[in-house]
Amino acid sequence: MFNKILIANRGEIACRVIKTAKQMGIRTVAVYSDADRTARHVTLADEAIHIGSSPSSDSYLVGERIVNAALKTGAQAIHPGYGFLSENADFAQACADNDLVFIGPPINAIKAMGSKSAAKNIMSDADVPLVPGYHGDDQNPALIKQAADDMGYPVLLKAVAGGGGKGMRQVWSSDEFEQALNEAKRESMASFGNDDMLVEKYLTQPRHIEVQVFCDQHGNGVYLFERDCSVQRRHQKVVEEAPAPNITQEQREAMGETAVRAAQAIEYEGAGTVEFLFDSDGSFYFMEMNTRLQVEHPVTEMITGQDLVQWQLQVASGETLPLEQQQLSIHGHAFEARVYAEDPDNDFLPTTGTLTTLRTPEENDFVRVDTGVVENDEVSPFYDPMIAKLIVWDKDRDHALARTAQALRDYQIHGVTTNLNFLHNIVSCAPFANAELDTGFIEKHADALFNQNTIDLDTALAHAGLYLTLKNHCLVSDDHIKSDPWNSRNAWRMNQANCHRYELQINNQVHSVAIEELRADQGFVVHLNEQAIPAQATLNDKHLSCTLDGHKQKVLVSDNINADEFVIFSEHGSITVQPVQPDCGDEDNTAGANHFVAPMNGTIIEVLVGLNEAVSKDQPIVIMEAMKMQHTMLAPADGMVSELYCQQGDLVDGGTQLLNFEANQTSPTQ
Ligand code: ADP
């Protein structure tokens, strides 16, 4: 076994690998960029080497610096995690050239699976079922289109070098084909430096079921069962579970055995995942093989009781697989929810900022949190905006699901917008409870998942008013001092009610609430919608305890850095409150005024319309790339672009206005 390994990654997966290495008595070396100087993975490792500036192209993707860091620190092996260099055959070769063990499969296996089309050829030779399609070397667009026309629509275009759902486009008819091909090629070139495409039949209601395989250097291979990862947005996984619900034991075994056959066809070693599309009739087709540890590996660990990173280290150091197939079994059910800094109600736009409040659910035998951040860390624009993975296990699916919903409510984050409420909506909706899963799940149930307000507005207003009153007028903690009127910070006047009025904006609407402070610590009266609700309240740091009309309750309140908004977390979710200054209640909310502001730092990929050119509602106007994702800005109405402040290739800062849009005047009679 190794004495020391280097982890060529950051964030939660670096922390995850360090955890197992420590348990095995292996010393660890982290690498870090400028942005990650104080990151959790750096703190956890025994040693850490600085490898460059913040962009990953100048740090985590520079194989040479990582190899040098390993040589300098005397590490014997490199764990690549997932993403970055984990499936990079050149990097694996560079490790070998320097006598470092790459903790992953042999170089040829990475190469074989690196190209989606080459992988399909190998799999078809090994009798692994494939989705019908064209995956040839001839990239003539007319030929690819002909293949699609022959197959019949819908079809799916995929980047041969693709991953993470990038360079992928559904095409529903022959006339859309050319544009979709161009878009997919452009995205693929930008992400992978290669724009070769394959096309396959688009299955309309498949499930994504993948099998965890493991092989050692002695010809042994096993499968550690499957994960259902059908709940996806833009082809990226959101909630995963193991085992896959509603499949038969025969189907489980057939997929498992096929997956091991697929791995052995490329003389695989280490951890790998064979992804299948599982059709409604029970047939399954090979999609691709990921030659690394997957983000969602913990659900497999929870149901098998195995530590997959430990298996990886054992296999990489030449040991045989710890268990044989018949020694592996499924115990209980596990879910993973990916907690992201993103705004699901705004097209999943990634968000950045400081995690001013970060409370995780309590970890125990059922609940596990894999994360790379701590409170007050930054979510920077440089890397994937995943904050954490919440993994929950219980004895069966129903129990695990209920526990996942609870744990999501106990996850409290303020400082960046997150998908926590959205994740809660997924795990608590009836179709998910009934396991009605397919890859269109999110689109299909959009009404129940997006823009859901789960919080009672009146209660939130009462909490908000009491919080502001306690924070601004009553924050003298010593009871003796507080009872002395000369020390009071409130607006107490003899013979007058001491009342604080607040105008509070919640979900774009302004509401009023007044809190009357009663004398001699008699509590408060909340005046709301013509009602007078008797209340008691205390504030201890961020914890507001209150009694509203006899109902005792506790919530957590978190202010942001500028104190211009705060978030109330309760068992029903979180709600953001913005106090409105009395004089500026009527802000300019002109429709579309903020529409053409760059959402964050990024690059203008294309300006699709000319100045003063007529455009119709929802027509794409500008494509911008920010945080490795493309955002298309659409015309909010029929009209025209009257000013253009950007052009293709511009690097723009978040908040920069990109253009002026003038909507056509609509006739008042219409
Ligand atoms: P990537 O490597 O970019 O993640 P995959 O080939 O793994 O791409 O596919 C990602 C997702 O796209 C799958 O999980 C599935 O939801 C969907 N998908 C892929 N191929 C098909 C297909 N032929 N028909 C329907 N959906 C598909």
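Quantities reported herein were computed from a predicted structural model and do not represent experimental measurements. (Residues numbered from 1 in each chain as written. Predicted model: local features only at pLDDT ≥ 70, side-chain atom pairs only at ≥ 80, totals over all residues. Heavy atoms only, no water.)

Enquirer: What is the right way to look at the overall build of the protein chain in this model?
Expert: The secondary structure content of the protein chain amounts to 18 helices and 38 strands. Since a compact globule built from 670 residues should have a radius of gyration of about 26 Å, the 28 Å found for the protein chain is in line with a globular shape. Dimensions of the protein chain, computed from C-alpha atoms along their principal axes, come out at roughly 90 × 65 × 50 Å. Evaluated residue by residue, the protein chain yields a buried proportion of 54% over its 670 residues. Looking at the protein chain alone, contacts between residues at least 24 apart form 61% of all its contacts between residues at least 6 apart. Carbon and sulfur atoms form 45% of the exposed surface of the protein chain, whose accessible area is close to 29,900 Å². For the protein chain, the centre of its 48 positive side-chain charges and the centre of its 95 negative side-chain charges are spaced 5 Å apart. (Helix = DSSP H or I, 4+ residues; strand = E, 2+ residues; numbered from the N terminus. Rg over C-alpha atoms; globule rule 2.2 N^0.38 Å. Buried < 20%, exposed > 50% of the residue type's maximum accessible area, 1.4 Å probe, protein only. Contact = heavy atoms within 4.5 Å. Areas by Shrake-Rupley, 256 points an atom, 1.4 Å probe, with all protein chains shown as cover. Lys, Arg positive; Asp, Glu negative; His and termini not counted. Charge placed at Lys NZ, Arg CZ, Asp CG, Glu CD.)

Enquirer: Explain the packing of helix H4 (residues 89-97) against helix H5 (residues 107-114) to me, please; I cannot follow it from the model alone.
Expert: Packed helix pairs are characterised by how far apart their axes lie and by the angle those axes make with each other. It is the contact of H4 with H5, at a shortest axis distance of 9 Å, that shows an interaxial angle of 175 degrees. By the angle between their axes, H4 is roughly antiparallel relative to H5. Mapping the contact onto sequence places Ala-89, Ala-92, Gln-93 and Ala-96 in H4 and Ile-107, Ile-110 and Lys-111 in H5. Class assignment for the residues of the contact of H4 with H5 results in five nonpolar, one polar and one charged. (Axes fitted to C-alpha atoms, helices over the stretch in contact; angles between N-to-C directions. Parallel < 35°, antiparallel > 145°, perpendicular 65-115°, else oblique. Nonpolar A, V, L, I, M, F, W, Y, C, P; charged D, E, K, R; others polar.)

Enquirer: Please explain helix H10 (residues 297-304) as it appears in this structure.
Expert: Note on helix geometry: an α-helix contains 3.6 residues per turn, so any two residues three or four positions apart are oriented the same way. A large share of H10 lies buried, amounting to eight of its eight residues. The complete set of buried residues in H10 reads His-297, Pro-298, Val-299, Thr-300, Glu-301, Met-302, Ile-303 and Thr-304. Where H10 terminates, the next one or two residues include Gly-305, which has phi positive at roughly 70 degrees.

Enquirer: What is the right way to read helix H6 (residues 116-125) from this model?
Expert: Listed in full, the buried residues belonging to H6 are Lys-116, Ser-117, Ala-119, Lys-120 and Met-123. What you see down the axis of H6 is that its buried residues fit within an arc of 155 degrees, all on one side. Summarising the contacts, the buried residues of H6 are in contact with H5, strand E7 (155-159), strand E9 (197-201), helix H9 (249-265) and strand E14 (284-290). Following H6 by one or two positions, Asp-127 adopts a phi angle in the positive range, close to 60 degrees. (Arc of directions from axis to C-beta.)

Enquirer: Would you take a moment to explain the site of the ligand for this structure?
Expert: Near the ligand there are 22 residues, and of these Lys-116, Gly-165, His-208, Gln-232 and Glu-288 occur at the shortest range. At a separation of 3.5 Å, an oxygen atom of the ligand approaches a polar backbone atom of Gly-163. Between the ligand and the protein, one listed contact pairs an oxygen atom with a side-chain N or O atom of Gln-232 at 2.7 Å. The set of elements that each furnish at least two residues to the shell around the ligand consists of E7, E9, strand E13 (270-278) and E14. Both of domain 2 (104-131 + 209-224 + 242-331) and domain 3 (133-201) provide at least three residues apiece to the shell around the ligand. (Near = heavy atom within 4 Å. Polar contact = N/O pair within 3.5 Å; in protein donor to acceptor, adjacent residues only side chain to side chain. Domains from an automatic or database assignment.)

Enquirer: When you look at the side chain of Lys-120 in this model, what are you seeing that I'm missing?
Expert: Its location among the elements puts Lys-120 in helix H6. Beyond its immediate sequence surroundings of up to four residues, Lys-120 is in contact with Leu-130, Val-131, His-135, Leu-198 and Glu-200.

Enquirer: How do you make sense of unusual backbone geometry when you look at a structure like this?
Expert: Of all residues except glycine, most have a negative phi; of all peptide bonds, most are trans. With an omega of 0 degrees, the peptide bond between Tyr-153 and Pro-154 qualifies as cis. Following the sequence through the fold, Pro-154 ends up in the loop between helix H7 (141-151) and E7. For the bond from Ala-242 to Pro-243, the omega torsion is -5 degrees, close enough to zero to count as cis. Looking at the element boundaries, Pro-243 is found in the loop between strand E12 (236-242) and H9. One non-glycine residue with positive phi stands out, namely Asn-376, at about 80 degrees. If you check the backbone angles, Asn-529 has positive phi at about 45 degrees while not being a glycine.

Enquirer: What's the story with the packing of aromatic side chains in this structure? I'm lost.
Expert: Each aromatic ring pair is described using two quantities: the centre-to-centre distance and the angle formed by the ring planes. Applying the stated rule across the entire model yields 15 aromatic pairs. Their ring planes at 25 degrees and their centres at 5.2 Å tell us that Tyr-60 and Phe-84 sit as a pair that is stacked. Of this pair, Tyr-60 sits in the loop between strand E3 (47-52) and helix H3 (63-73) while Phe-84 sits in the loop between strand E4 (77-79) and H4, and the two are 24 residues apart along the sequence. Residue classification places Tyr-60 among the buried positions, given a relative accessible area of 0%. Plain terms: the ring middles of Phe-382 and Tyr-383 are 6.1 Å apart, the flat faces sit at 55 degrees to each other, and that makes the pair tilted. The class for Phe-382 is partly exposed, based on a relative accessible area of 35%. When its relative accessible area of 5% is taken as the criterion, Tyr-383 is described as buried. (Phe/Tyr/Trp six-rings, centres within 6.5 Å; stacked < 30°, edge-to-face > 60°.)

Enquirer: In this structure, what is going on with the sheet that holds E12? I would like to understand it.
Expert: Strand-to-strand pairing in sheets goes through backbone hydrogen bonds, with the strands running parallel or antiparallel. Taken in spatial order, the eight strands line up as E14-E13-E10-E11-E12-E15-E22-E20 in an open sheet, and their pairing is antiparallel. Pairing within the sheet leaves two strands with one partner each, and these edge strands are E14 and strand E20 (367-371). With strand direction ignored, the average angle separating the axes of adjacent strands in the sheet is 25 degrees. In this sheet, E12 lies alongside strand E11 (residues 221-233) in antiparallel orientation, the contact comprising four bridges. Looking at the pairing, Arg-233 lines up with Gln-236 of E12. (Pairing = 2+ DSSP bridges.)

Enquirer: Just to check I follow, could you spell out the pattern of salt bridges for this structure?
Expert: When charged atoms on two side chains of opposite charge get close, those side chains can pair. Counted by the stated rule, this structure contains 34 salt bridges. Note that Lys-120 and Glu-200 form a salt bridge whose closest N and O atoms lie 2.4 Å from each other. Here Lys-120, found in helix H6, pairs with Glu-200, found in strand E9; they are 80 residues apart in sequence, far enough to count as distant. For the pair shown, Lys-120 and Glu-200 are each scored as buried. Across the salt bridge formed by Asp-394 and Arg-403, the nearest N and O atoms sit 2.8 Å from each other. The exposure class assigned to Arg-403 is partly exposed, which follows from its relative accessible area of 29%. (Salt bridge = Lys/Arg side-chain N within 4 Å of Asp/Glu carboxyl O.)

Enquirer: Can you help me understand the domain arrangement of the protein chain in this one?
Expert: One widely used convention gives an interface's size as the accessible area the parts lose upon coming together. Domain boundaries assigned for the protein chain yield domain 1 (4-103), domain 2 (104-131 + 209-224 + 242-331), domain 3 (133-201), domain 4 (332-452), domain 5 (457-579) and domain 6 (595-663). The centre of domain 2, based on its C-alpha atoms, is set 26 Å off from the matching centre of domain 3. Counting residues at the interface gives nine residues for domain 2 and ten residues for domain 3. Across the interface of domain 2 and domain 3, roughly 860 Å² is buried in total on both sides, 55% from carbon and sulfur atoms. Run the count over domain 2 and domain 3 and you get one salt bridge. There are four residue pairs in polar contact (both at pLDDT 80 or more) connecting domain 2 and domain 3. (Buried area = accessible area lost by both parts, 1.4 Å probe.)

Enquirer: Could you clarify how one ought to interpret the environment of Asn-98 in this entry?
Expert: Within the secondary structure, Asn-98 is located in the loop between H4 and strand E5 (101-102). A relative accessible area of 31% places Asn-98 in the partly exposed class. As for Asn-98 and Ala-35, which are separated by 63 residues in sequence, their C-alpha atoms are 28 Å apart. When neighbours within four sequence positions are excluded, Asn-98 is seen to be in contact with Val-67 and Leu-71.

Enquirer: Just to check I follow, could you spell out the side chain of Glu-210 for this structure?
Expert: Counting through the fold element by element, Glu-210 comes out in strand E10 (residues 207-215). Glu-210 sits in the buried class, given a relative accessible area of 0%. Looking at Glu-210, its side chain comes within polar contact range of the side chain of His-208, at 3.0 Å. Here Lys-237 takes part through its side chain, which lies 3.0 Å from a polar atom of the side chain of Glu-210. Excluding anything up to four places from it in sequence, Glu-210 contacts Phe-225, Glu-226, Arg-227, Cys-229, Lys-237, Thr-273, Val-274, Glu-275, Phe-276, Gln-294 and Glu-296.

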